[in-house]
Amino acid sequence: MALGIGDIQSLFEQRGEALYGGEAVSQLEHALQAAWLAEQAGDDDATVAACLLHDLGHLLSGQGDDDLARHVDDLHQHKVLPFLRPLLPTAVVQPIALHVEAKRYLCATEPGYRAALSPASALSLALQGGVMSAADAADFLARPHAQAAIRLRRHDDAAKVVGLVTPPLAHYLSRLHRLANP
Ligand SMILES: [Fe+2]
């Protein structure tokens, strides 16, 4: 069930031109922008890789846009995990697993965060369980890699800029090669 780095490259090349659920950028542009924002912020290799791959589950299913239109949560953050766990360390995989929960957490804890979500992200929030309770927010923050998931989430939210120039996919694939499990 594992993906290799060549498989990840093929997914981006073959399916990455699809629009990113309800946004004006493609899946590939969104992934590259998230990774680029992490890189510019000085995040570590694992977080940059997590940013690149956080929505790979949408490309695996090829149905992200349809699910959003049908008001169904596609659970992309979970479906991708069995494909990535054999390839990459927990420091990459776990922030991906938690990036939707991180949105629910930030909505509960950061004034103004929810109001700033894009319309598509606000719609998916409701499908994903809505704003966390205070107790759930405390539990979330205690989970390993929660802080990295929050950083990923902020880059995710900002990675929707039409026309932003980023390094190419190959630049980030070389980071994946450095991180990949032996
Ligand atoms: Fe995303």
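- In the annotation of an unreviewed UniProt entry, the chain is listed under the name HD domain-containing protein and assigned to Pelomonas aquatica.

## Concerning the environment of threonine 109
Part 1 of the reasoning: Here threonine 109 is to be found in helix H8 (residues 90-109).
Part 2 of the reasoning: For the pair formed by threonine 109 and alanine 49, sequence separation is 60 residues and the distance between their alpha carbons is 26 Å.
Part 3 of the reasoning: A distance of 3.0 Å separates the side chain of threonine 109 from the backbone oxygen of tyrosine 105, its partner in a polar contact.

## Re the coordination of the iron ion
Part 1 of the reasoning: Protein-derived ligands of the iron ion are Tyr20 (OH), His30 (NE2), His54 (NE2), Asp55 (OD) and Asp156 (OD), with the metal-ligand distances lying across 2.1 to 2.3 Å.
Part 2 of the reasoning: Counting the intervening residues between successive donors of the iron ion yields the motif Y-x9-H-x23-H-D-x100-D. Of this pair, tyrosine 20 sits in the loop between helix H1 (5-15) and helix H2 (27-40) while histidine 30 sits in helix H2, placing them 10 residues apart in sequence. The residues tyrosine 20 and histidine 30 share a single accessibility class, namely buried.

## A look at the side chain of serine 26
Part 1 of the reasoning: Within the secondary structure, serine 26 is located in the loop between H1 and H2.
Part 2 of the reasoning: If we ignore the near neighbours within four places in the chain, the residues touching serine 26 are Gly16, Glu17, Ala18, Leu19 and Tyr20.

## A few points about the packing of H8 against helix H9 (residues 119-127)
Part 1 of the reasoning: As a packed pair, H8 and H9 sit with axes 11 Å apart at the nearest point and diverge in direction by 100°. Here H9 runs roughly perpendicular to H8, going by the angle between their axes. Facing Lys103, Arg104 and Cys107 of H8, the residues of H9 in contact are Ser121, Ser124 and Leu125.
Part 2 of the reasoning: Split by residue class, the contact of H8 with H9 holds 2 nonpolar, 2 polar and 2 charged.

What counts, and where the lines are drawn
Residues numbered from 1 in each chain as written. Predicted model: local features only at pLDDT ≥ 70, side-chain atom pairs only at ≥ 80, totals over all residues. Heavy atoms only, no water. Helix = DSSP H or I, 4+ residues; strand = E, 2+ residues; numbered from the N terminus. Polar contact = N/O pair within 3.5 Å; in protein donor to acceptor, adjacent residues only side chain to side chain. Donors = N, O, S within 2.8 Å, 3.2 Å for Na, K, Ca; no water. Buried < 20%, exposed > 50% of the residue type's maximum accessible area, 1.4 Å probe, protein only. Contact = heavy atoms within 4.5 Å. Axes fitted to C-alpha atoms, helices over the stretch in contact; angles between N-to-C directions. Parallel < 35°, antiparallel > 145°, perpendicular 65-115°, else oblique. Nonpolar A, V, L, I, M, F, W, Y, C, P; charged D, E, K, R; others polar.

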